[in-house]
Amino acid sequence: MRRARLAALLALALPACVHAASLTALSAADVPALLKPPARGERIIALWALDCAYCEANLRALAGLQHAHPGEIELVPVATDDIAQRDALEQRLQQAGVAGYPARAYAEATPDRLDYLIDPRWGGETPRTLVIRADGTRLGISGALSAAGLRKLQP
Amino acid sequence: MVLNAPSPLRVLSSAAAGATRRRAARLLLAFALPLLPALPAHAMQGMNMNMPKEPELGASAAFDAHGRLWVVDAAGGHVRLRHSDDLGKTLSAPVEVNAVAEPIYDEGENRPKIALGPKGELYVSWSQPLAKPWSGLVRFARSLDGGRHFSAPITVHRDHAVITHRFDALAVDGRGRVVIAWIDKRDMQAAKARGRPYLGAAVYYSWSDDQGRDFVPERKLVDHSCECCRIALARTPQGDVAAFFRAIYGDNIRDHAYAVLRTDGLPSHATRATYSQWRIAGCPHHGPGLAIGAEGVRHAVWYEAKHGPTIWYGQLDPGHPPRHLLKIAGAGNAHADVAVSGRTVWVAWNRVDAKGYALMLRRSDDRGAHFGAPVALAGTRGDAGSPQLLLRRGRAYVAWNTSGGFRLVAAGAGAH
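In this numbering scheme, every chain counts its residues from 1 along its sequence in written order. Chain labels run from A onward and ligand labels from 1 onward, assigned in the order the entries are written. For a predicted model such as this one, the threshold for reporting local features is a pLDDT of at least 70, and the threshold for listing and counting side-chain atom pairs is 80 or more; totals across whole chains, interfaces and linings nevertheless cover every residue. Note that water and hydrogens are dropped before the side-chain values are worked out from all heavy atoms of the structure.

**Describing the overall build of chain B**
In this text, helices come from DSSP runs of H or I with a minimum length of four residues, and strands from runs of E with a minimum of two, each type numbered from the N-terminal end. Per the secondary structure count, chain B includes 4 helices and 27 strands. In chain B, buried positions account for 63% of the 416 residues. In this description, accessible areas are obtained by the Shrake-Rupley approach with a 1.4 Å probe, and a residue is regarded as covered only by the protein chains that are shown. Carbon and sulfur atoms make up 53% of the accessible area of chain B, which amounts to about 14,900 Å² in all. Only protein chains enter the accessibility calculation, which uses a 1.4 Å probe; a residue is then buried when its area is under 20% of its type maximum, exposed when over 50%, and partly exposed in between.

What follows is the structure, encoded as structure tokens:
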């Protein structure tokens, strides 16, 4: 038990132990590019948080959906935790099986403001799934997606 | 001049200060602190890079019977207590409540609490994160000498498993009992061990009959609460402490329940009190507010997003939909608190837009039947914790912790 805990702490503390794809900062200035409709298909922005017990499963489900539609879905996990928590965030992304996606994390002194800029119809609850389609339409869903919810996201 | 029984009543209920649930992440590093000696030096370096530099915005405030303002927040592993005799313009040097540093949840819906006893006793509670995500212990310390010295912190509950016991809420009842309620996952863990489904967490509570020296063994109020929303507490006219909290009904419908927390040994019963029908398998991190008028009207505010983010006001009629339902605000508005004095009801909340935060207020002078238009009391381009309404001599104030410092904002006198 104690050894397991120590191993977890080491993984947390040593960036060299974690080989996630690039976790990059998301500030207010980056939001327009994130929300720009993709050339084709759809971008799924998977908003999640470390303190959210439902988020890991939701990330995993969205990765499954993306795998089924690789040419049409671009998946971007966005952590609403500060990027200063990079190690813990990357570890959790890895646990969720989404370490290969171009993940972002908030880098903003006023995170509620960033929530608002990303999706003014969102009150900050996680998980939140925001779909941006090539035709410019959007769909936002709060909570872990059910099978029916996932079907709604299909391109 | 006789004071309106102010703070002990209010702190309880209120608002999670704390701007941001999202910085909870930093706690993962805090978890590691007790084990640091076991880590190699280069690991410590990696961790230090991520240590927070500024205190989080999770704070609570209360007025004592003499009108002095008391504020608690956390910094460097200590809950710190400050006071102000000039309505928040200046704060005293901090006193450390816990002499030995420990990890402390101090953001979002999870923050240190303060309440006052009838003889000026200062009671402080907080949640201590442990080495697993979402785990914690509910901690408590008291001062019987006006904040000069605090007792060594105790863990309030008997169950010390490394699971969720957090989101503590603190109140003092009409007989001076110290009441603490929190969110607890022991029943969820037990169900999981038996391979049975269990939605959400549970609400447990305990109390102290001896000014916080000891607490009675905890008891469960109800199963299937939300996991991550603060519990609002307020005193009833009979002197009991009542709780209002987000609970789960059916398939992840996250409405709210109301219960009087009985301290006479008889069982307490939680009754559904909101019927918004918001279904979400997720973490709203958005608990309600409660204030009970002298005539017993239960003024409540809560958040739901079935048709988009909405803050509601209503007067609770447990078992039935609330009366005088009013949509206080929509998208971009969050973390409301409520206070009542005589005929006046105040609702304060944070509004955020592309420019930053505004501290918003609506008031009613007819016991909540009608509310005036929203008014912006203050603003900041920095970060802001959730507002907490406080009463002092019939006037309302909002405790608003921002990255620019703690602010006490006047919200006006009540109508009589």
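**Here we look at the sheet that holds strand 27 (residues 405-413) of chain B**
Residues and elements named next belong to chain B. Strand pairing requires that DSSP identify at least two bridges connecting the strands. Read across the sheet, 3 strands follow the order 25-26-27 without closing on themselves; strand pairing throughout is antiparallel. In this open sheet, the two strands that pair with only one neighbour each are strand 25 (388-392) and strand 27. Taking the axes of each pair of neighbouring strands and ignoring which way they run, one obtains an average angle of 30° across the sheet. Across 8 bridges, strand 26 (residues 395-402) lies against strand 27 in antiparallel orientation. Counted as the bridge partner of Thr-402 is Gly-405 from strand 27. Each axis is a line fitted through C-alpha atoms, and for a helix only the stretch in contact is used; angles between axes span 0 to 180 degrees, taken between their N-to-C directions.

**Considerations on the packing of aromatic side chains**
Residue and element names in this part refer to chain B. The criterion for an aromatic pair is that two Phe, Tyr or Trp rings (for Trp, the six-membered ring) have centres within 6.5 Å, with stacked assigned to planes under 30 degrees apart, edge-to-face to planes over 60 apart and tilted to the rest. Counting across every chain of the model gives 7 aromatic pairs over all chains. Considering the side-chain rings of Trp-278 and Tyr-303, the 5.7 Å spacing of their centres and the 80° angle between planes classify their relative orientation as edge-to-face. One end of the pair, Trp-278, is in the loop between strand 16 (271-272) and strand 17 (289-292); the other, Tyr-303, is in strand 18 (residues 298-304), and 25 residues separate them in sequence. Tyr-303 carries the same exposure label as Trp-278, and that label is buried. Here the aromatic cluster, defined as three or more aromatic residues joined through ring pairs, consists of Tyr-123, Phe-140 and Phe-215. Put simply, a charge is over a ring when the Lys NZ or the Arg CZ is close to the ring centre, within 6 Å, and near the line of the ring normal, within 35 degrees. It is Arg-186 that lies over the ring of Tyr-204; its NZ or CZ is 4.1 Å from the centre. Above the ring of Tyr-249, the side-chain terminus of Arg-272 is found at 4.5 Å from the ring centroid.

**Examining the nonpolar core**
Side-chain atoms within 4.5 Å are what join buried Ala, Val, Leu, Ile, Met, Phe, Trp, Tyr and Cys residues into a set we call a nonpolar core. Within the largest apolar cluster, 56 residues are counted, with the highest numbers of intra-cluster contacts made by Ile-231, Leu-233 and Leu-261 of chain B. It is helix 3 (residues 55-68) of chain A that provides the largest number of residues to this core, a total of 5 residues.

**As for the pairing of strand 10 (residues 178-184) of chain B**
All names here are of chain B. Of all 7 residues in strand 10, 7 are buried; the element is thus mostly enclosed. Judged from the 6 bridges that link them, strand 9 (residues 165-172) and strand 10 form a sheet pairing that is antiparallel. Residue His-165 lies in a different strand from strand 10, and its bridge partner there is Asp-184. Between strand 9 and strand 10, which pair antiparallel in sequence order, lie 5 residues; one of them, Gly-176, sits at a positive phi of approximately 85°.

**Regarding the side chain of Ser-84 of chain B**
Residues and elements named next belong to chain B. Along the chain, Ser-84 falls in strand 3 (residues 78-84). A distance of 2.8 Å separates a polar side-chain atom of Ser-84 from the backbone nitrogen of Gly-88. Counted as a polar contact is a pair of N or O atoms within 3.5 Å, where, for protein atoms, one must be capable of donating a hydrogen and the other of accepting one, and residues adjacent in sequence contribute only when both atoms are in side chains. A distance of 2.8 Å separates a polar side-chain atom of Ser-84 from the backbone oxygen of Thr-90. Beyond its immediate chain neighbours, meaning those up to four positions away, Ser-84 contacts Arg-68, Leu-69, Lys-89, Thr-90 and Leu-91. We call two residues contacting when some pair of their heavy atoms lies within 4.5 Å.

**Let's talk about the confidence of the model for chain B**
Here chain B averages 89 in pLDDT, and 87% of its residues register 70 or above. Every residue in residues 1-53 of chain B scores below 50 in pLDDT, and together they form 165 contacts with partners more than four places removed in sequence or on other chains. A score from 0 to 100, pLDDT tells how confident the predictor is in each residue.

**A closer look at the state of the cysteines**
Residues and elements named next belong to chain A. By disulfide we mean two sulfur atoms from cysteines, separated by a distance within 2.5 Å. Throughout the structure, instances matching the rule amount to 1 disulfide over all chains. Here Cys-52 pairs with Cys-55 through a disulfide, and the sulfurs are 2.2 Å apart. Because the sign of the S-S torsion sets the handedness, a value of about 95° for the bond joining Cys-52 and Cys-55 places this disulfide among the right-handed ones. With a relative accessible area of 2%, Cys-52 lands in the buried category.

**Structural notes on the sheet that holds strand 2 (residues 42-48) of chain A**
Residues and elements named next belong to chain A. Taken in spatial order, the 6 strands make up an open sheet running 1-4-3-2-5-6, and their pairing is mixed. Every other strand in the sheet has two partners, leaving strand 1 (24-26) and strand 6 (138-142) as the edge strands with one partner each. Direction aside, the axes of adjacent strands within the sheet are offset by 25° on average. Alignment of strand 5 (residues 128-133) against strand 6, held across 5 bridges, turns out to be antiparallel.

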